[in-house]
Amino acid sequence: MNQQKLGFWLLTALVVGNMVGSGIFMIPRSLAEAASPAGVILAWLLTGGGVLMLALVFGNLAIRKPELNGGPQIYAKELFPKGSNASILSGFMASWGYWIGNFAGNVAIITTFTSYLSTFFPILTSQRHAFTIGSLDVKVGNLLTFIVCTVLLWGMHFIILRGVEGAGKLNFLATFTKVLGFFLFIVISLFAFEKSYLDPFVAPRYNEAGEAFGLLSQVNNAAVNTLWAFIGIESAIVFASRARKQSDVKRATILGLFISLAIYIGISVLVMGLLKQEQLIHSEKPLVDAIETILGPMGAYLLAGLGLISLLGSTLGWVLLSAEVPYQAAKQGLFIPAFLQENKKGMPRFSLIVSNGLAQIFIFSTVSNSMSAAFDFVIYIATLSYLVPYLIASLFQFKLVLTGETYRTATERLSDGLISILATIYSIWVVIAGTADLKTFMLGVALLVSGIVFYPMIPKPIEASVKKATA
């Protein structure tokens, strides 16, 4: 079997590519609505500091516990006695929820790709009748969107099957191109920046009831939006077992964070200097409107092209990650054994087929309103499954510090202890803020617990030892 490996730059590209996706095109508007310019900047600094603590935790664990691969949710099993049912169950449920959240999120990225593609091919939005199936009236635009989404999904599938290194290089190319594009956007914007558009720099924001929010409340509200920009910070640790060096995982995670943070802060602040606050708050395509103030209508096409490149890289990275999660969990004895199947390139063949097959079901949302509602529902309740793994990793790092396992000096334990405490505090806030709505929280818990149906298929420690003894 040809086991390919990922180097430092390919790991960094996975982190940046998965963090900087479609969200960057809309986040300036949502932030302007939530906070004044001062609140937006403070929110980025708060979130950036918190995520930096998480990045350090992920990097430390990749070095100290290299045998635990597959993502931060894997550490759930380490919070309980080794080999116990509680250990296996917690690891399985955390992996289950994170996996579902990932492949459902992939569909959101893929369908967003077609919306950018429609800038060049307006027929993708055509409402002309194509045919009818039962009571379903299929429009031409919906049908073509479904075909594009399907081709993109399975095209990525076959690219990944050819090997992780080749997929990583393609993702690196897409990520490098979009990072270059966003930095050019930042440079161009500097020449048209209007400082007066940031006035008033500190101003209240109002809710639907007309109640005013002060600066601290604005920072909290804006930080909830910014935290979603960092989903994907864990990408390098998911592929830790495929890294050439475990130290690369930590370095790639931290560098990827700083590159992404620079892009997000730069674009958020500069767009506020290109569009008046009231215009930005009501803009449905803030980056396009901003670049059009400089380059005219041609700017819309340039941004759409950059969006396509960005989404191609994100699709490849997240499809790769989605298949890797249950595969690595199965290697840890925390998932259904069938997910261990590989092809000759060492890629998780069965996991890819199942993950993308389930994603394909949700792609039918592009032709059916009822399926679209079901897809939106899954995305809505996947919030908790994305956020809980961050808390799990932080708690596990703190446990290592308390027990002294893998540590040689008190100085190391003290510094890592401080990092783990800050990461844990931030992670708790992330979970509370991200699932502040009780309905979101309860449905998220239901999603995690739903995997219990498949739990009997997981080999228990006693069963595994018996099979090993009789083999």
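Given the structure is predicted, the values throughout are model-derived calculations rather than measurements. (Residues numbered from 1 in each chain as written. Predicted model: local features only at pLDDT ≥ 70, side-chain atom pairs only at ≥ 80, totals over all residues. Heavy atoms only, no water.)

Re the packing of aromatic side chains
The condition is simple: Only the six-membered ring of Trp is used, alongside the rings of Phe and Tyr, when aromatic pairs are assigned; centres must lie within 6.5 Å, and planes under 30 degrees apart are stacked while those over 60 apart are edge-to-face, with the rest tilted. Helical segments are the DSSP runs of H or I of at least four residues, strand segments are the runs of E of at least two, and each set is numbered from the N terminus. Working definition: with a 1.4 Å probe on protein chains only, accessible area under 20% of the residue-type maximum means buried, over 50% means exposed, and in between means partly exposed.
Scanning all chains against the criterion turns up 24 aromatic pairs. With centroids separated by 6.1 Å and ring planes inclined at 35°, the aromatic side chains of Phe-92 and Trp-96 adopt a geometry described as tilted. Of the two residues, Phe-92 and Trp-96 both sit in helix H4 (residues 85-117), four residues apart, roughly one turn of that helix. Phe-92 gets classed as buried once you look at its relative accessible area, which sits at 0%. By relative accessible area, which is 9% here, Trp-96 ends up buried. Seen from their ring centres, Tyr-426 and Trp-429 are 5.8 Å apart, and the 35° between their planes marks the pair as tilted. With a gap of three residues between them, Tyr-426 and Trp-429 both fall in helix H16 (residues 410-434), about one helical turn apart. Residue class for Tyr-426 comes out buried when judged on its relative accessible area of 9%.

Examining the pairing of strand E2 (residues 136-139)
Where we set the bar: By the convention used here, strands pair only if DSSP detects at least 2 bridges between them.
In the sheet, strand E1 (residues 129-133) pairs with E2 via four bridges, with the strands oriented antiparallel. The residue bridging His-129 from the neighbouring strand is Lys-139, located in E2. Connecting the antiparallel pair E1 and E2 is a turn made up of two residues, with Gly-134 showing a positive phi of about 65°.

Comments concerning the environment of Lys-344
Here Lys-344 is to be found in the loop between helix H12 (298-331) and helix H13 (349-363). In this structure the C-alpha to C-alpha distance between Lys-344 and Gly-59, which are 285 residues apart in sequence, comes to 30 Å.

With respect to the packing of helix H3 (residues 37-64) against helix H15 (residues 383-403)
Put simply, the rule reads: Every angle, taken between N-to-C directions, lies between 0 and 180 degrees, and every axis is a line fitted to C-alpha atoms, over only the stretch in contact when it is a helix. Reported orientations rely on four angle classes, namely roughly parallel under 35 degrees, roughly antiparallel over 145, roughly perpendicular from 65 to 115, and oblique for the rest. By convention, the crossing between two helices is left-handed when the near helix turns anticlockwise from the far helix through less than a right angle, and right-handed when the turn is clockwise. By the convention used here, residues are in contact when the closest approach between their heavy atoms is within 4.5 Å. Gly falls in the polar group here, along with every residue not listed as nonpolar (Ala, Val, Leu, Ile, Met, Phe, Trp, Tyr, Cys, Pro) or charged (Asp, Glu, Lys, Arg).
Running from N to C, H3 and H15 point in directions that differ by 60°, and their axes come no closer than 10 Å. Of the possible angle classes, the one that applies to H3 and H15 is oblique. Along this stretch, H3 crosses H15, giving a crossing that reads as left-handed. Here Leu-54, Val-57, Phe-58, Asn-60 and Leu-61 of H3 lie close against H15, whose contacting residues are Tyr-390, Ala-393, Ser-394, Phe-396, Gln-397 and Leu-400. Residue composition of the contact of H3 with H15, grouped by class: eight nonpolar, three polar and no charged.

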